Amino acid sequence: MSASLADGLSAGIQTLNLNLSAEQQQRLLDYMALIQKWNKVYNLTALRDPAEMLSHHLLDSLTAIAPLTRHTRGQPARVLDVGSGGGLPGVVLAICMPELDVSCVDTVAKKAAFVQQVAASLKLPNLRGLHARVESLTEPYQVICSRAFASLPDFVTWSRSALAEGGVWMAMKGKHPQDEIDALPKDVKVFHVEPLTVPGLDVERCMVWMRPEVTVS
């Protein structure tokens, strides 16, 4: 990885006010190098330019770190990244938040295998790739996240069987998805929508936090 990419990553991390060690930053760069290497065979992302991959994938995923840290308060939690593809944001979460146990699920076997390869190559014991349909998962996760995966109603409906009691959904979206929010199942409530700013990108991003509404009998 070139020095310019390392500088770009470091500058982005500073802009996001994240406290990441040199080792974590190197792992993020190594992860990007693995995406580039495997992309030739596995078609993990349409982006080929390293600078674009840095801004549109790595820095974009890093915007989730601070909000998720506020939610978990630095405590251990099981996280499921749905429709993870090449592991975004799941791999980034596993690198930056070692207290998390992160599973990346995808219906494409090659993409799940790639995440497993990343876990082995970067020595991330808290990361695993799952080849499955999310609807088939029943192990409980405290946080279920997605990034540019599906509509909010589909996301919560498909992944509900894997949501732990007291768990939340965390969806990374572009513009504020009011139409999708309006179409959510009646027993799913949005409790927070926060804007996200991606360093170096002039785009609208937000994170939608949801939880099942507890009915009092």
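Residues numbered from 1 in each chain as written. Predicted model: local features only at pLDDT ≥ 70, side-chain atom pairs only at ≥ 80, totals over all residues. Heavy atoms only, no water.

**Focus on the pairing of strand S7 (residues 205–212)**
If a strand is regular, its side chains alternate between the two faces of the sheet.
Link 1 in the chain: Bridge count for strand S5 (residues 163–173) against S7 is five bridges, and the pairing is antiparallel. Paired with Met170 across the strands is Trp209, a residue of S7. (Pairing = 2+ DSSP bridges. Helix = DSSP H or I, 4+ residues; strand = E, 2+ residues; numbered from the N terminus.)

**A word on unusual backbone geometry**
Link 1 in the chain: At the junction of Leu88 and Pro89, the peptide bond is cis and its omega measures out at 5 degrees in the coordinates.
Link 2 in the chain: Note that Pro89 resides in the loop between strand S1 (77–82) and helix H5 (90–96).
Link 3 in the chain: Although it is not a glycine, Ala148 adopts a positive phi angle of roughly 50 degrees.
Link 4 in the chain: With respect to the helices, strands and loops of the structure, Ala148 is situated in the loop between strand S4 (141–147) and helix H7 (152–159).

**Comments concerning the packing of aromatic side chains**
Link 1 in the chain: For the coordinates displayed, the defined rule picks out five aromatic pairs.
Link 2 in the chain: Counting every residue linked through ring pairs, the aromatic cluster contains Tyr31, Trp38 and Phe114.
Link 3 in the chain: Above the face of the Tyr141 ring, Arg78 is positioned so that its terminal group lies 4.3 Å from the ring centre.
Link 4 in the chain: The residue whose ring lies beneath Arg211 is Phe191, and the NZ or CZ to ring-centre distance is 3.9 Å. (Phe/Tyr/Trp six-rings, centres within 6.5 Å; stacked < 30°, edge-to-face > 60°. Lys NZ or Arg CZ within 6 Å of the ring centre and 35° of its normal.)

**Some thoughts on the nonpolar core**
Link 1 in the chain: Of all hydrophobic cores here, the largest spans 51 residues; its most connected members are Tyr31, Leu62 and Leu127.
Link 2 in the chain: With seven residues, the single largest contributor to this core is helix H2 (residues 22–42).
Link 3 in the chain: In this structure Leu127 touches Gly90, Val91, Ala94, Val102, Cys104, Val115, Gln116, Val118 and Ala119, once residues within four positions along its chain are discounted.
Link 4 in the chain: Within the second largest apolar cluster, 22 residues are counted, among which are Val105, Tyr141, Ile181 and Val208. (Core = buried A, V, L, I, M, F, W, Y, C linked by side-chain atoms within 4.5 Å. Buried < 20%, exposed > 50% of the residue type's maximum accessible area, 1.4 Å probe, protein only. Contact = heavy atoms within 4.5 Å.)

**Observations regarding the pattern of salt bridges**
Link 1 in the chain: In total, this model carries ten salt bridges according to the counting rule given.
Link 2 in the chain: Ionic pairing is found between Asp101 and Arg78, a salt bridge with its closest N-O pair at 3.9 Å. With Asp101 in strand S2 (residues 100–106) and Arg78 in strand S1, the pair connects residues that are 23 residues apart, well separated along the chain. (Salt bridge = Lys/Arg side-chain N within 4 Å of Asp/Glu carboxyl O.)

**What about the sheet that holds strand S3 (residues 127–131)?**
Link 1 in the chain: Taken in spatial order, the seven strands make up an open sheet running S3-S2-S1-S4-S5-S7-S6, and their pairing is mixed. Each edge of the open sheet carries a strand with a single partner, namely S3 and strand S6 (188–196). In this sheet, neighbouring strand axes are inclined to one another by 20 degrees on average, regardless of whether the strands run parallel or antiparallel.
Link 2 in the chain: Both S4 and S5 contribute to a ladder of six bridges, which runs parallel. In the strand pairing of S5, Val143 is matched with Val168.
Link 3 in the chain: Contacts from helix H6 (residues 109–121) reach S2 and S3, with the element oriented near 165 degrees to S3. (Axes fitted to C-alpha atoms, helices over the stretch in contact; angles between N-to-C directions.)

**Quick notes on the state of the cysteines**
Disulfide: a covalent bond connecting the sulfur atoms of a pair of cysteines.
Link 1 in the chain: According to the stated counting rule, one finds zero disulfides in the structure shown.
Link 2 in the chain: Its sulfur unpaired, Cys145 is 7.6 Å from the next cysteine sulfur, which belongs to Cys104.
Link 3 in the chain: Judged by relative accessible area, Cys145 falls into the buried class, the value being 0%.
Link 4 in the chain: No disulfide involves Cys206; its nearest neighbouring cysteine sulfur is the one of Cys145, lying 15 Å away.
Link 5 in the chain: With a relative accessible area of 5%, Cys206 lands in the buried category. (Disulfide = S-S within 2.5 Å.)

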